[in-house]
Amino acid sequence: MERKRLGDEDRGHGDGAMSRGHAWLEVGYLLGPGFRLLFTDRTGGVSEPPYDEMNLAFHTGDDPSKVAKNRAILARWIGLGDSRMIYPQQVHGLSVAWLEGTSVRSVTMDEEVLRGKDGLISTESGLALSVLTADCVPLALAYPERGIVAVLHAGWRGTIGDIASIACRLIEERTGAKASEARAVMGPCIGPCCYEVDKGRAEQFVEKYPDGNVVFRHGGAWSLDLKQANIVNLKRCGIEESAIHLVGGCTCCEPRYYSFRRDGITGRQGAFLWREEKVR
Ligand SMILES: [Zn+2]
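Residues numbered from 1 in each chain as written. Predicted model: local features only at pLDDT ≥ 70, side-chain atom pairs only at ≥ 80, totals over all residues. Heavy atoms only, no water.

### Section: the overall build of the protein
Spelled out, the test is: By definition, any uninterrupted DSSP run of H or I lasting at least four residues is a helix, any uninterrupted run of E lasting at least two residues is a strand, and each is numbered from the N terminus. The classification of residues rests on relative accessible area computed with a 1.4 Å probe and restricted to protein chains. Under 20% of the type maximum is buried, over 50% is exposed, and intermediate values are partly exposed. The contact definition used throughout considers only heavy atoms, calling two residues in contact when any of these lie within 4.5 Å. Surface accessibility in these figures is a Shrake-Rupley result with a 1.4 Å probe; residues are shielded only by whichever protein chains are displayed.
Broken down by element type, the protein carries seven helices and 14 strands. Its C-alpha atoms give the protein principal-axis dimensions of roughly 55 × 45 × 40 Å. Burial status across the protein gives 55% buried among its 280 residues. Expressed as a percentage of contacts within the protein between residues at least 6 apart in sequence, the contacts between residues at least 24 apart total 66%. Taken as a whole, the protein presents about 11900 Å² of accessible surface, with 50% of it coming from carbon and sulfur.

What follows is the structure, encoded as structure tokens:
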């Protein structure tokens, strides 16, 4: 079902990404003109093992000065400045923050508006919304005609709790925009090849996704395809299948990514979505 899986030709697309010592995926073109979407990986930062190199999360046990340096490297590359890089304090929950105007100006790492949030939405240009992951699904949404962007963190809880539909409903309530206007991109996450779960978890997903190819049984074990489950979620919201793109591979199979399932103590990669500022 990986209908849009990018090969090497798309790695490090744009802005000389390869030449700066990393191979991040830049795929904003999948969302439309003016949108920028970046998925980082382990490359390009200064953290020491087991967080090497580009760990973006403070809560992992990594040296905070190294994490700060990595975030600064990224902010410089994105070119928006530190205060325009928004990192929510994720909790594997279903709360989404809407950032506009004054809430953006007051945002810092410790701001209440970001606490316990697993998704961010904004219509502001020049504001990079992010989620950090190490196996969970990073999900980006854009409404090209409206300039709305959203980034969501969907592990198994965010997937079965359907954080995608929570975000789409909130966007429709506040702006009138229908999910059918949206485009979606899911980045690197753990694949069904590696995401083994117990019977109870498997049964929860079979109940929620009776028709999808979401749960696989092999012998006495079960595994989940979180991307496929989120495709079902997005389609149930009204997003066209042709507007849903999958990029990156399995974080657990591919050494270039952080994987909690594979490594336990490790770093986090990031998904960053922003709209370019209008040329004045
Ligand atoms: Zn795998």
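Still more to cover.
### Quick word on the pattern of salt bridges
This is how it is decided: By convention in these notes, a salt bridge is any Lys or Arg side-chain nitrogen within 4 Å of a carboxyl oxygen on Asp or Glu.
Taken as a whole and judged by the stated rule, the model has 13 salt bridges. Between Arg42 and Asp52 there is a salt bridge; the shortest N-O distance is 3.2 Å. On the criterion of sequence distance, the pair formed by Arg42 in the loop between strand E2 (35-39) and helix H1 (64-78) and Asp52 in the loop between E2 and H1 is long-range, its members being ten residues apart. With a relative accessible area of 13%, Arg42 lands in the buried category. Here Arg84 makes a salt bridge to Glu124, at a shortest N to O gap of 3.5 Å. Of this pair, Arg84 sits in the loop between H1 and strand E3 (85-86) while Glu124 sits in the loop between strand E5 (119-122) and strand E6 (128-133), and the two are 40 residues apart along the sequence. Linked by salt bridges that have partners in common, Arg42, Asp52, Arg262 and Asp263 make up one network.

### Quick notes on the packing of aromatic side chains
What characterises a pair of aromatic rings is the spacing of the ring centres plus the angle enclosed by the ring planes. For clarity, the cut-off: Ring geometry is summarised as follows: Phe, Tyr and Trp rings, the Trp one being its six-membered ring, pair when their centres sit within 6.5 Å, and such pairs are stacked at plane angles under 30 degrees, edge-to-face over 60 and tilted between the two. Whether a charge lies above a ring is judged from NZ of Lys or CZ of Arg, which has to be within 6 Å of the ring centre and within 35 degrees of the ring normal.
Following the criterion strictly, the structure yields three aromatic pairs and no others. Consider the rings of Trp24 and Trp77, whose centres lie 5.5 Å apart with planes at 85°: the pair is edge-to-face. Linking Trp24 in the segment before strand E1 (25-26) with Trp77 in helix H1, this pair joins segments that are 53 residues apart in sequence. Residue Trp77 is classed as buried on the basis of its relative accessible area, which comes to 10%. Judged by centre distance (5.7 Å) and plane angle (80°), the ring pair of Tyr87 and Phe272 falls under edge-to-face. You can see Tyr87 sitting in the loop between E3 and strand E4 (96-98) and its partner Phe272 sitting in strand E14 (residues 269-275), a full 185 residues away along the chain. We note that Tyr87, like Phe272, is buried. Positioned above the aromatic ring of Tyr87 is the side chain of Arg71, whose terminal nitrogen or guanidinium carbon lies 3.6 Å from the ring centre. The residue whose ring lies beneath Arg201 is Trp156, and the NZ or CZ to ring-centre distance is 3.7 Å.

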